[in-house]
Each structure stands twice: as structure tokens, then as C-alpha cells.
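Descriptive structure summary
Residues per chain are reported as follows:
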Amino acid sequence: MSTPAPYRVLFVCLGNICRSPAAEIIFNAVVAEAGLSVLVRADSCGTASYHTGSKPDHRMLAALERAGYRYGGHRARTFRRADFTDFDLIIPQDEQNESDILALARNGEDAAKVRGMWRWFAAEETERSVPDPYYGGPAGFDSVVALLTRSMQRLVAELAEKLPQ
């Protein structure tokens, strides 16, 4: 009996050095903790090519480390139309990223794969997108890591219900 192809999730932000790599790292940790690593794969990218080939921002890596997460060697890349084929779920970190990705959708099937990260925020969250911490201090990076950590629990629980076990 063959193993089914993994469910593929893509996290997207502007430059792929802060929010989306953090989402990828946190998501992968929550997936591993849930015992779903064989069934789910994640990646991240940006809508702009400013940082292609770069590591995540050192301030984001520090915030992730403070929260107990480990960097796995990700390098920034830019979203491409082929990602609609390569991924089952595409999760932009804010409404502008969502708009930019939807503008590249080839059809309704592509567009249906795009769901904003805020859909997994708790009801009491005051944010309606994952804030970009790039121009702020360490507290902003820590806040993003905390928001993503809370949200990933709900996302992974939702996926676990859909995946073949």
C-alpha cells in the first residue's frame, strides 16, 4: 500500500524573511508535535523579490529561538504561478498579500486554495492580519511569533480532521 502524497501548505508574506518563514517554522513544529509530519509539508515565499535567496531576518530568527523554535535553513523565494499547482493550501499573511496572489490565479480552482492566515485567529484576537514587524523592534517580532503559535494550533487541528490517518 502506497503512502498518499503529503498535503502541501504554502505561507506567503511580502519579502519572505519575517512572517511567512516564521509561519512555516511554527507550522512544521506543530505538525511534528501532532505526529502529522509524514502527511503534511510546508514552505513559504514572498510576493516581492526583494530578499530572494536571503535567510529570514535575524530579529525573527531570534524571536523564534526565544519561543523554542528552530531554524531549518529556509531561503527566501518569490511566489510563482506554479505554486497554485504545487500546493493544496496557500496562506497569505495579510490582505495585500492575498490580493496580490489572487491577481495571479489562473482560475477559480487556484483562487479557492487561497485562505488568509487570520481565518485561524482566535475570536478574541484584535489583529485582522499578521502584522509586519520589519520596521519595529523585538517586541513586534515576539508578538508575531505568539500570534502565529496560537493560530497554528487551530490550523493544524483543522487539517488533522481532513487528512487520512
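The structure this text deals with has already been given above.
1. Details of the sheet that holds strand 1 (residues 7-13)
- On the basis of which strands lie adjacent, the open sheet formed by three strands has the order 2-1-3 and parallel pairing. Each edge of the sheet is formed by a strand with only one pairing partner; in this case those strands are strand 2 (40-46) and strand 3 (89-92). For this sheet, the mean angle separating the axes of adjacent strands, direction not counted, is 20 degrees.
- Bridge count for strand 1 against strand 2 is seven bridges, and the pairing is parallel. Across the sheet, Tyr7 pairs through a bridge with Val40, a residue of strand 2.
- Together, strand 1 and strand 2 form the strand contacts of helix 1 (residues 19-33), whose direction differs from that of strand 2 by roughly 170 degrees.
- Packing of helix 6 (residues 138-162) onto the sheet brings it into contact with strand 1 and strand 3, and relative to strand 1 it is tilted by some 155 degrees.

2. Things to note about helix 4 (residues 95-102)
- Residues of helix 4 that are buried: Asn97, Glu98 and Ile101. Along the axis of helix 4, the buried positions cluster into a sector of 100 degrees, meaning they face one direction only. Turned more than 90 degrees off the buried face of helix 4, the exposed positions are Glu95 and Gln96.
- On its buried side, helix 4 packs onto strand 1, helix 1, helix 3 (83-86) and strand 3.

3. A word on the packing of helix 2 (residues 58-66) against helix 6
- The N-to-C vectors of helix 2 and helix 6 enclose an angle of 55 degrees; their axes lie 9 Å apart at closest approach. One element, helix 2, and the other, helix 6, form an angle in the oblique class. Taken as a pair, helix 2 and helix 6 cross one another with a handedness that is right-handed. Residue-level contacts link Arg59, Met60, Ala63, Leu64 and Arg66 of helix 2 to Pro138, Phe141, Asp142, Val144 and Val145 of helix 6.
- Tallied by class, the residues present in the contact of helix 2 with helix 6 amount to seven nonpolar, no polar and three charged.

4. Quick notes on the pairing of strand 2
- Buried residues dominate strand 2, accounting for five of its seven residues.
- What joins strand 1 to strand 2 is helix 1, and the crossover it makes is right-handed.

Basis of the calculations
Residues numbered from 1 in each chain as written. Predicted model: local features only at pLDDT ≥ 70, side-chain atom pairs only at ≥ 80, totals over all residues. Heavy atoms only, no water. Pairing = 2+ DSSP bridges. Helix = DSSP H or I, 4+ residues; strand = E, 2+ residues; numbered from the N terminus. Axes fitted to C-alpha atoms, helices over the stretch in contact; angles between N-to-C directions. Contact = heavy atoms within 4.5 Å. Buried < 20%, exposed > 50% of the residue type's maximum accessible area, 1.4 Å probe, protein only. Arc of directions from axis to C-beta. Parallel < 35°, antiparallel > 145°, perpendicular 65-115°, else oblique. Left-handed = near helix turned anticlockwise from the far one by under 90°. Nonpolar A, V, L, I, M, F, W, Y, C, P; charged D, E, K, R; others polar. Right-handed = clockwise from strand over helix to strand, strands pointing away.

Shape descriptors only; they carry no functional weight alone.
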